[in-house]
Each structure stands twice: as structure tokens, then as C-alpha cells.
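Examination of the molecular architecture
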Amino acid sequence: MSTLLRAAPAPRTTALAPGRSRGRTLRSSAATALIWLAFAIALVPLVWIMWTVLSRGLPSMLHLTWWNKDQSGVGPAGFDHQVRGARHAIVGTLLMAALTSLIAVPIAILTAIYLVEYGRGRIARIVSFMVDILSGVPSIVAALFIYAVWVTTFKLTLVPACASLALVLLMIPVVTRSAEEMLRLVPNELREAAYALGVPKWKTILRVVLPSCMSGIVTGGLLGFARVAGETAPLLLVASYTQFLNQNMFSGSMAALPTLINTNVQFMSSDPISADRVWGAACTLIVLVLAINLAGRLLGHLTRVKS
Amino acid sequence: MSKRVDVSDLHVYYGDFKAVEDVTMTIAPRSVTAFIGPSGCGKSTFLRTLNRMHEVTPGGRVEGTVTLDSEDLYAPGVDPVAVRRTIGMVFQRPNPFPTMSIRNNVLAGLRLNGVKEKATLDETMERSLRAANLWEEVKDRLGKPGVSLSGGQQQRLCIARAIAVEPQVLLMDEPCSALDPISTLAIEDLIGRLKADYTVVVVTHNMQQAARVSDSTAFFNLAATGKPGRLVEMNDTATIFSTPSQRVTEDYISGRFG
């Protein structure tokens, strides 16, 4: 007992404690500084991009003509505000991304439900593997596939909806994976509670499981939407570009913001109007995606499960 | 509203693994039966076979028979969903549906099975909440989310939800193990009142609880580590706790192992 009492104060010797704590404080400050530095470095490109795009693109965006005119009447010279519109590209991007979501989101959610709720054994593993493969497919390959099937095999004319089909291939894995994550987060106890009430499995999924993770699934869908709205390669290959407004998904060519940028970027250095269009389109794309994401988050917040 | 359960020569498997071996017992109607035993002895697994909930786990299957007033629950053509409508279940952790209000939680079983008449629903809700001893506490906030209640209230909400579908038998899998002593007392009181109308089966780790609430007690144990669980003996609760016929039961209830 007496040895214990005498031994106890030893670790608190005044000679040791300050030295050790100073070293530790130093290391702690160094680590904190390093972490903040890394954060600042990561922030640099983000702020830079945002600043460049917003400062150069916002002036074009703030003209009403940007939103309500297409570029019919644009000649090689003599531009004015009347022909700077991007309506054709904005409408095209929204239409194609909307049709893509309309096709891809149900398929993706059903696939996720299959994988989480029903999939067992070999077939589920194959489906899951295929989703992984699909998420690694380059967008140009997805576009080539649609081109090959549509034009080479079925001998049909390309229409803007084909671009949506190519985008569907890119959107499905994104939405499937996120919906799968969300479904797996729903505790099994809820499913068992429903089963124990004599509720059939399909109804349990529809009325208990899906509502519990709806906000997460919606967020995943919007991320997928943002992904395809900025996609370029399939549009170049399949939808081509036009300076006229086209609201028909099943005929002609359709412009989109990425292809508007692609068409004008080659004249940027010689033609300030083209440069304005490029920055304006880039800015619009960012703002659109941001607005849709915010709307989605708001929707998710409103439908979120309150506890 | 209360039926007898007869189990004979029941073996429970998960895939090739035999979890519970050779159980034969009779569970009397309008009584409380407690299952006790050390962790992992298969009492919860066995409980889940009584309403075919074990089939939710991949590979879960049984050999042997379970009858409810001479109706075979495992006969070909019997729908497990229908079995669960007749034999309700309350789980270890309270699990109200997070997206539903208190009212809709209680009525989940009816509404999800297509009952729409408002009068029936309102009547069932009040009756179930009263039966679960929760009505007075929640009658002014029936539209609030079920998860806004305290743990003990949530568990009584789950009991109300289970009895709203008017089952014949109510299975409870350690219903108090996640609750504080006050809530536990409330649930135990409730179990005592429920046996007037239902056949109640309670799995519990707490031997005092078994002694307090049950009329008969079944003791489960493992023959050895890695061996399937089995029913050691079953008798009146008073007999099990005073003069058990097996040495191992006496060792367990007197706290010498487990």
C-alpha cells in the first residue's frame, strides 16, 4: 500500500510534464496547419474556376435574350445582343437530361431494389458486376454503342432522343449505386416489423422501405441528372448541334450547352462574341446544375424522416 | 381470440447448420409462456419459427410440425404472410415505422392490408392503444411521428401495432431488454393484462422477469458449444423456479452459469 502511494506521483513529475506537453502541442499545431493548408490548396482550383466562369459568364446570362432567343440569324459578322441567345441549348440540355432521367431513374431504382431486397446468389452477383462495368464505360463508347445499334443495325436516322439513350447508359449505374446504398441503410428491423404484421414483401418495400429512404434516392437521382447534363461526347456524336431551337426529341438536331461551348470555343480568340457565348454557356450549366441540386436538397429536406 | 400452439419434433436449420434440435411443447391459450436460457441457445430462433419469421433469413427452414389449434402452420399451401397475420410479433428493439405518425403506426397492419373505412380504423386505433396502455399518453398527439416517443412508449406503440391486427398469439422477443426499469415495469404490467385475450410467448434474459410475468417457463440450453440448442424442460413457472427436474436448469436459475 505504501509503495503504491509513493509510486503514484511519479508520472506527474514537474520535470517531465512541461517538456512532453510542449512537444505534443507543437506537433498538434503543425498537423492542424498542414490540414488547413491542404484544405486551402484543394479550394484554390474550385474558387478559381468559379470566379473565372462567373465573372466572364454572368454578363451574358443577365441579358433576357440569353434565355428567350436562339441563334437564328447569326452570321459571320455583325453580332448584336439579339443573336446571342442560348435558349436552344438550355432547352436542349433540359429536354435531353429530362428524357434520360425519365428512362434511367425507374430502371435504376428497380435494379437497386432487386439487388438489395431480392437478389441472392449468382444472378445478383452478375447484375452487380454489370453495374460496375457500366459505371466504367467511357461516355463516347456509350454513344458509339447507341450509334451502332440505331444507325448500323436498324438503319434509322439519328434523332435527339438517341442522345438520351446514350446518356441513360451513363446515368443508370450512378443512380443504381446511390439508391442501393440508401436501401441498405434502411434497418432490417423495419422490414421485419412489417412482415410480422402480415404485410407481403412487395408492399413492405413499397410502403415502408422506399418512403424511409426517399430523400436519399431523390438526391442520388439529382446527382445523376447533374452528371448527364454536363456530358458532352454522346451529344457531339449523336445529337450534333444546331443554332436553332428544337423542342422535338424525335426529329432533327438538338443543341445543348456543352455542344454550344464546343462549337464556339474554336472562334474564342478571334471573336469576342463567341467567347461570351462560351463563358455564358459554362456559367449557365453550373447555375442550372446548382439550382437543380438545391431544389433536390430542399425536396429531400421536406420529405426527410423527422425524428 | 386466443389459440393453442402445439410444437412437435421441431428442428430448425439455417442452411446446413442445425440451430435448434427436437423441440416438443404445448403453449396454452390465454397464458404467458416464458423462454429462458443462455445467449445463443436458440430460444429467439425457435420463437421466430412459431410465425415463420425465420424464413426471412436466407436458408432458414424447419423439420417437424407447428399447429395452431390443430391447423398445421407448415402445411403445403399455407402462406407465411397469413401465418404472421395470425401470430404477431414484438421485437427486442422498438421499431416504429419512422415515416408514419403514431396513428398510422398503430394502423399500419390494417392500412397496408387495404382496410380503408375511417370508422373501423379509428375504433381499432383507440382500442389497440388502450390495450397497450398508451392511449392516455398519446391521445393528444396522434399525428406526431411514432419515433418522437420515448423508448418505452415506442415499445408499447409496437405492441399496439401488433395487436391492432387482432392476432391469436403474440410473440415477444426480449421486449424489455432495450428499456429502462420503469418502462420495463410498464411492459410487464401490460403482458399480464394481455394474457386475458391472447396467447403470449416471451423470450427473456431476465429470470426475475420470467418469474414475475409467466405462467409456464421453458428452459433452453446448448448441449455443448457448437451443438444445436434444445429444450431442456418446460413446466409451471413456480415449479421451474422452485423444484426443476434437471440439474442444469437449477444451475442456470441459481446463477451458476449463463
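Parameters and conventions
Residues numbered from 1 in each chain as written. Chains lettered and ligands numbered in written order. Predicted model: local features only at pLDDT ≥ 70, side-chain atom pairs only at ≥ 80, totals over all residues. Heavy atoms only, no water. Helix = DSSP H or I, 4+ residues; strand = E, 2+ residues; numbered from the N terminus. Rg over C-alpha atoms; globule rule 2.2 N^0.38 Å. Buried < 20%, exposed > 50% of the residue type's maximum accessible area, 1.4 Å probe, protein only. Contact = heavy atoms within 4.5 Å. Areas by Shrake-Rupley, 256 points an atom, 1.4 Å probe, with all protein chains shown as cover. Lys, Arg positive; Asp, Glu negative; His and termini not counted. Charge placed at Lys NZ, Arg CZ, Asp CG, Glu CD. Pairing = 2+ DSSP bridges. 1 Å grid on protein atoms, 1.4 Å probe; cavity = no way out; pocket = protein on both sides within 12 Å on 5 of 7 lines; lining within 4 Å. Points joined across faces, edges and corners; volume = space filled by probe spheres on them. Nonpolar A, V, L, I, M, F, W, Y, C, P; charged D, E, K, R; others polar. UniProt positions renumbered as here; feature names shortened; annotations may be inferred.

Next up on the list: the overall build of chain B. Tallying secondary structure elements over chain B gives 10 helices and 10 strands in all. Rg of the C-alpha trace for chain B: 18 Å, near the compact-globule value of 18 Å for 258 residues, within the 12% margin. Considering only C-alpha atoms, chain B reaches an extent of 55 × 45 × 30 Å along its principal axes. When each of the 258 residues of chain B is scored for burial, the buried share is 54%. Within chain B, residue pairs in contact and separated by at least 24 positions form 67% of the contacts whose partners lie at least 6 positions apart. In the structure as shown, chain B presents an accessible area of about 10600 Å², 49% of it carried by carbon and sulfur atoms. Counting 29 positive and 30 negative side-chain charges, chain B places the averaged centre of each group 5 Å from the other.

Let us now look at the overall build of chain A. Broken down by element type, chain A carries 13 helices and 0 strands. Written out in order from the N terminus, the α and β elements of chain A read α-α-α-α-α-α-α-α-α-α-α-α-α. With 307 residues in all, chain A has 41% of them scored as buried. Across chain A, every contact between residues at least 6 apart in sequence was considered, and the portion connecting residues at least 24 apart equals 70%.

A few words on the sheet that holds strand β10 (residues 229-236) of chain B. All names here are of chain B. Strands sit in the order β5-β4-β1-β2-β10-β9-β3-β8-β7-β6 across an open sheet of 10 strands; the sheet is mixed. Two strands bound the open sheet, and with one partner strand each, they are β5 (71-72) and β6 (87-90). By the bridge criterion, 4 bridges tie β6 to strand β7 (residues 169-173) in an arrangement that is parallel. Across the sheet, the residue bridging to Ile87 is Val169, located in β7.

Taken as a whole, this structure holds 3 cavities of 30 Å³ or more when the rule is applied. Approximately 50 Å³ is the volume found for the largest cavity. Every residue lining the largest cavity is listed: Ala193(A), Ala196(A), Leu197(A), Met89(B), Val90(B), Phe91(B), Asn95(B), Cys158(B), Arg161(B) and Ala162(B). Those elements giving two or more residues to the lining of the largest cavity turn out to be α8 (188-196) of chain A together with β6 and α6 (151-164) of chain B. A per-class count over the lining of the largest cavity returns 8 nonpolar, 1 polar and 1 charged.

Residue and element names in this part refer to chain B. With 8 bridges joining them, strand β1 (residues 5-14) and strand β4 (residues 60-68) adopt antiparallel strand pairing. Looking at the pairing, His11 lines up with Glu63 of β4. Of the strand pairs in this sheet, β4 and β5 are connected by 2 bridges, and their pairing is antiparallel. Bridged to Thr67 within β5 is Asp72. Linking β4 to β5, which pair antiparallel, is a turn of 2 residues; within it Asp69 sits at a positive phi near 45 degrees.

Let us now look at the UniProt feature "domain: ABC transporter" (unreviewed entry) in chain B. According to UniProt, the feature "domain: ABC transporter" (unreviewed entry) maps to residues 5-247 of chain B in the numbering used here. Helix makes up 35% of residues 5-247 of chain B and strand 27%, and the two end C-alpha atoms of the span are 27 Å apart.

Moving on, we get to the layout of surface pockets. Volume-wise, the largest pocket comes out at about 460 Å³. Along the walls of the largest pocket sit 23 residues, with Glu117(A), Arg120(A), Tyr195(A), Lys201(A) and Val56(B) positioned nearest its centre. Those elements that place two or more of their residues in the lining of the largest pocket are α4 (87-118), α7 (160-185) and α8 of chain A together with α2 (80-86) of chain B. Split into classes, the residues belonging to the lining of the largest pocket amount to 12 nonpolar, 2 polar and 9 charged.

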